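Geometric and topological summary
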Amino acid sequence: EMLSRSLLPLRGHSIPRRNNHVATNTEEFIFGIHPVRSAIVAGRRQCTTLYLEQRGGKKIDEIVKMAEERGIPVERKDKNQLAHLLPAAGNVHQGVVLKASPLPNPELLHLDKKPDAKPCLWVALDQVTDVFNLGNIARSSMFYGVSGLIMGSQCAPLSPAVAKSSAGAIEFIPSFRTKDLTTFLQRSRKNHWKVIGTSVTDPRSVPCSNIKATGPTILVLGSEGYLTTFLQRSRKNHWKVIGTSVTDPRSVPCSNIKATGPTILVLGSEG
């Protein structure tokens, strides 16, 4: 069956957890109160160890309780020791770090045909290399009920930095990768999915108000300037394109995904 929002109950599944304290190549350090809490609640990672500052607080105490209920070992460290666990200087850990397996991000070839015509929105991302933009879109997608994310081969990986910038939202959204986004969209379209692109430079652009996501829909978002090339190589597919027409005197030269992505998601979810 089509992978959809029904996957979200994954957050309630119990996953076997290892109790060793040795870091491996298949583990990473998630940091920050919301990302760590979300990772534990979602249950999609194998959690090895929870590291905390000596001084806690109400929110951290709640995280400790959840970890202990799930059999995750807890260790106390000072602020500097926690900072040394993280790969980049300046990462704000808020006194809590979780060692865990990477977030699942399997490959998906296409979306299957839905058994009904009810609205369903997926977001496809291509060349979104900025972890903050990726995290922002994940956070907005969860808020507006997006069923899943599809990431092209040149997107940023689902790193702890993405988890942090999404405030933990990425833990709850089914996320997949595809080696060829164009082919993925073509195959999905044959299964009766509507594909909508975004651009401010394509002459086919129409106002957002002219588009209604009344059935299974894939919204394609990308980094600034990328969609011009993407749409040019996809012209034969007759995909809908929303944005400001290049003939409109109010046009601006680019559209920032962090600013426009959430707005477009509102329109898509309302359809």
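Let us look at the structure shown here. (Residues numbered from 1 in each chain as written. Predicted model: local features only at pLDDT ≥ 70, side-chain atom pairs only at ≥ 80, totals over all residues. Heavy atoms only, no water.)

1. Points about the packing of helix H1 (residues 33-42) against helix H2 (residues 58-69)
- Two elements in contact, H1 and H2, have axes separated by 10 Å at closest approach and are oriented at 20 degrees. In this view, H1 runs roughly parallel relative to H2, as classed from their interaxial angle. In this structure, H1 crosses over H2, and the sense of that crossing is left-handed. Contact residues: H1 offers Ile33, Val36, Arg37, Ile40 and Val41, while H2 offers Lys59, Ile60, Ile63, Met66 and Ala67.
- A breakdown of the residues in the contact of H1 with H2 according to their chemical character gives eight nonpolar, no polar and two charged. (Axes fitted to C-alpha atoms, helices over the stretch in contact; angles between N-to-C directions. Helix = DSSP H or I, 4+ residues; strand = E, 2+ residues; numbered from the N terminus. Parallel < 35°, antiparallel > 145°, perpendicular 65-115°, else oblique. Left-handed = near helix turned anticlockwise from the far one by under 90°. Contact = heavy atoms within 4.5 Å. Nonpolar A, V, L, I, M, F, W, Y, C, P; charged D, E, K, R; others polar.)

2. Digging into the nonpolar core
- Val36, Ile40, Leu50, Leu98, Leu125, Leu134 and Ile170 are the most contacted members of the largest nonpolar core, which totals 38 residues.
- Among the elements that line this core, the one with the most residues is H2, at five residues.
- Among all residues touching valine 36, those that are not within four sequence positions of it are Ile30, Phe31, Leu50, Ile63, Val96, Val97 and Leu98.
- Judged by nonpolar contacts, the second largest core, of 14 residues, contains Leu108, Leu111, Trp122 and Trp193. (Core = buried A, V, L, I, M, F, W, Y, C linked by side-chain atoms within 4.5 Å. Buried < 20%, exposed > 50% of the residue type's maximum accessible area, 1.4 Å probe, protein only.)

3. Considerations on the pattern of salt bridges
- Taken as a whole and judged by the stated rule, the model has three salt bridges.
- Two residues, arginine 45 and glutamate 28, come together in a salt bridge whose shortest N-O distance is 2.8 Å. Here arginine 45, found in the loop between H1 and strand E2 (47-53), pairs with glutamate 28, found in strand E1 (residues 28-31); they are 17 residues apart in sequence, far enough to count as distant.
- Under the relative-accessibility criterion, arginine 45 is labelled buried at 1%.
- Where arginine 45 meets glutamate 171, a salt bridge forms, and the shortest distance between an N and an O atom there is 2.8 Å. With arginine 45 in the loop between H1 and E2 and glutamate 171 in the loop between helix H5 (160-165) and strand E7 (175-177), the pair connects residues that are 126 residues apart, well separated along the chain. For the residue pair arginine 45 and glutamate 171, the accessibility class agrees, reading buried in each case.
- Each member of the salt-bridge network shares a partner with another, and the members are Glu28, Arg45 and Glu171. (Salt bridge = Lys/Arg side-chain N within 4 Å of Asp/Glu carboxyl O.)

4. Examining the side chain of serine 175
- Position of serine 175 relative to the elements: it lies in strand E7.
- Of the residues examined, serine 175 reaches a relative accessible area of 2% and is grouped as buried.
- A distance of 3.0 Å separates the side chain of serine 175 from the backbone oxygen of isoleucine 173, its partner in a polar contact.
- Those residues within four positions of serine 175 in sequence are excluded, and the remaining contacts are Arg44, Pro104, Asn105, Pro106, Leu149, Met151, Leu158 and Ile170. (Polar contact = N/O pair within 3.5 Å; in protein donor to acceptor, adjacent residues only side chain to side chain.)

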